[in-house]
Each structure stands twice: as C-alpha cells, then as structure tokens.
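What follows is each chain in one-letter form.
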Amino acid sequence: GLRAPYPTQACQRDGKPWACGRQSRNILNGFVQGQTVTCRIVGKDSQSRLLGICTPPNGELNGRMIRVGMALAGISANARYRNLQAGAKSNRLGS
C-alpha cells in the first residue's frame, strides 16, 4: 500500500513548508486526466479505509505516485514499492 498527503497538507522541505498535498493532487490529476480509472480493492486498513490498486490505461497509479515522490510506501508495502520510494528519496523527489 501507499500513503499520500491530504490535499490541504503542508510538508517540510529544507526547513521550509510547501504545499505537498496540493502538488500530489495535481500530479495525480495529470496522470489520470481524461482517462477511465479502475480500482481493485485489496482490503481495509486499521481505520477501515478501503485499500486498492488503481489503474488507468497508461499504467498503475500507486507505483507512479511513489516513484515521483508524491506518496510513501506503506508499512505493509511490497518490495517494489519500497524500492521505488528509495529511488525517489535518493533523487530528492516529492515529500
């Protein structure tokens, strides 16, 4: 799974606040703009929120959001998501 910032969330970068939630939302919108997105529900988290893998025709969203630094791999994330997050972190991308 992944964790993405809330749309109104602010993050810190180099000690300064930035609108990571807004940027994450804008990037996600760009990935899906004009496309039909299909989500496969794979479970629920500890707060009973649905967990899923969402895919537009141009590729799986969860990994794309992690790769560009706009989401974090969750605690129970698979190795692929953890590797994508490590790459984003080493390239100083996103939040």
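The structure displayed is predicted, hence computed values, not measured ones.

Peer 1: Would you mind showing me how to read the side chain of Glu60 here?
Peer 2: One can find Glu60 in the loop between β5 (50-55) and α2 (61-67). Residue class for Glu60 comes out buried when judged on its relative accessible area of 17%. Within the structure, the side chain of Glu60 is placed 2.9 Å from the backbone nitrogen of Gly63, a separation counted as a polar contact. Within the structure, the side chain of Glu60 is placed 3.1 Å from the side chain of Arg80, a separation counted as a polar contact. The contact partners of Glu60, leaving out residues within four places of it in the chain, are Ile53, Cys54, Thr55, Arg80 and Tyr81.

Peer 1: Quick question: what am I supposed to make of the environment of Gly21 here?
Peer 2: Residue placement: Gly21 occurs in helix α1 (residues 20-32). Along the chain, Gly21 and Ala71 lie 50 residues apart, while their C-alpha atoms are 9.7 Å from each other.

Peer 1: Would you take a moment to explain the state of the cysteines for this structure?
Peer 2: What the rule picks out here adds up to 2 disulfides. The disulfide partner of Cys11 is Cys20, and the gap between their sulfur atoms is 1.9 Å. Note on the Cys11 and Cys20 pair: the S-S dihedral is about 60 degrees, so by sign convention the disulfide is right-handed. Exposure remark for Cys20: the relative accessible area of 0% places this residue in the buried category. Between the sulfur atoms of Cys39 and its disulfide mate Cys54 the distance is 2.1 Å. Taking the sign of the torsion about the S-S bond as the criterion, the disulfide between Cys39 and Cys54, at about 110 degrees, is right-handed. Placement of the pair is Cys39 in strand β4 (residues 38-44) and Cys54 in strand β5, with a sequence separation of 15 residues. The partly exposed category is assigned to Cys39, whose relative accessible area is 41%. Disulfide partners in the protein, listed by the sequence order of the bonded cysteines, are 1-2, 3-4.

Parameters at a glance
- Residues numbered from 1 in each chain as written.
- Predicted model: local features only at pLDDT ≥ 70, side-chain atom pairs only at ≥ 80, totals over all residues.
- Heavy atoms only, no water.
- Helix = DSSP H or I, 4+ residues; strand = E, 2+ residues; numbered from the N terminus.
- Buried < 20%, exposed > 50% of the residue type's maximum accessible area, 1.4 Å probe, protein only.
- Polar contact = N/O pair within 3.5 Å; in protein donor to acceptor, adjacent residues only side chain to side chain.
- Contact = heavy atoms within 4.5 Å.
- Disulfide = S-S within 2.5 Å.

Any functional reading would require information that these geometric values do not contain.
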